Amino acid sequence: MQEITVYSKPRCVQCDATYQALDRAKIPYRVIDLTSTPAALEYVSEELGYGQAPVVVVDDQEHWSGFRPDKISELKSRA
């Protein structure tokens, strides 16, 4: 099974849309709050190069930023 992590922040519309799409697709994921986890913010911004939330990381290999229903559909087809 794929390990999916959603790096997000509170009151983020795109983050909420991502959670809802993952829930509808029945894809399990864990959430890490970028506002309360400085190491996660550094990872997302410095190592991955993203400046907006959410950032979705799949198996520490594939990642994207923003609400991407196309990517979530791909994950569902692989499950």
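For clarity, every value in this text was computed on a predicted model and none was experimentally measured. (Residues numbered from 1 in each chain as written. Predicted model: local features only at pLDDT ≥ 70, side-chain atom pairs only at ≥ 80, totals over all residues. Heavy atoms only, no water.)

**Student:** Got a minute to help me understand the state of the cysteines in this structure?
**Tutor:** Formally, a disulfide is one covalent bond, and it connects the sulfur atom of one cysteine to the sulfur atom of another. Counted by the stated rule, this structure contains one disulfide. Across a sulfur-sulfur distance of 2.4 Å, C12 and C15 are joined as a disulfide pair. Its torsion about the S-S bond being 75°, the disulfide of C12 and C15 is classed as right-handed. The exposure class assigned to C12 is buried, which follows from its relative accessible area of 7%. When its relative accessible area of 0% is taken as the criterion, C15 is described as buried. (Disulfide = S-S within 2.5 Å. Buried < 20%, exposed > 50% of the residue type's maximum accessible area, 1.4 Å probe, protein only.)

**Student:** Sorry if this is basic, but what is going on with the sheet that holds strand β3 (residues 55-58) here?
**Tutor:** Strands belonging to one sheet form pairs held by backbone hydrogen bonds; the direction of such a pair is parallel or antiparallel. The strand order across the open sheet formed by four strands is β2-β1-β3-β4, and the pairing between neighbours is mixed. Here the strands that pair on one side only, and so sit at the sheet edges, are β2 (30-33) and β4 (62-65). On average, adjacent strands in this sheet sit at an angle of 20° to one another, irrespective of strand direction. Taken together, the four bridges between β3 and β4 define a ladder with antiparallel strand orientation. For V56, the partnering residue across the bridge sits in β4 and is W64. Along the sheet face, helix α1 (residues 13-24) touches β1 (4-8), β2 and β3 and points at about 160° away from the line of β1. Those strands touched by helix α2 (residues 38-47) are β1, β2 and β3, and its axis lies near 100° from that of β1. (Pairing = 2+ DSSP bridges. Helix = DSSP H or I, 4+ residues; strand = E, 2+ residues; numbered from the N terminus. Axes fitted to C-alpha atoms, helices over the stretch in contact; angles between N-to-C directions. Contact = heavy atoms within 4.5 Å.)

**Student:** Help me out: how do you make sense of the environment of D16 in this one?
**Tutor:** Mapped onto the elements, D16 comes out in helix α1. Residues D16 and P54 lie 38 residues apart in sequence; the distance between their C-alpha atoms is 8.9 Å.

These values are about where atoms sit, not about what they do.
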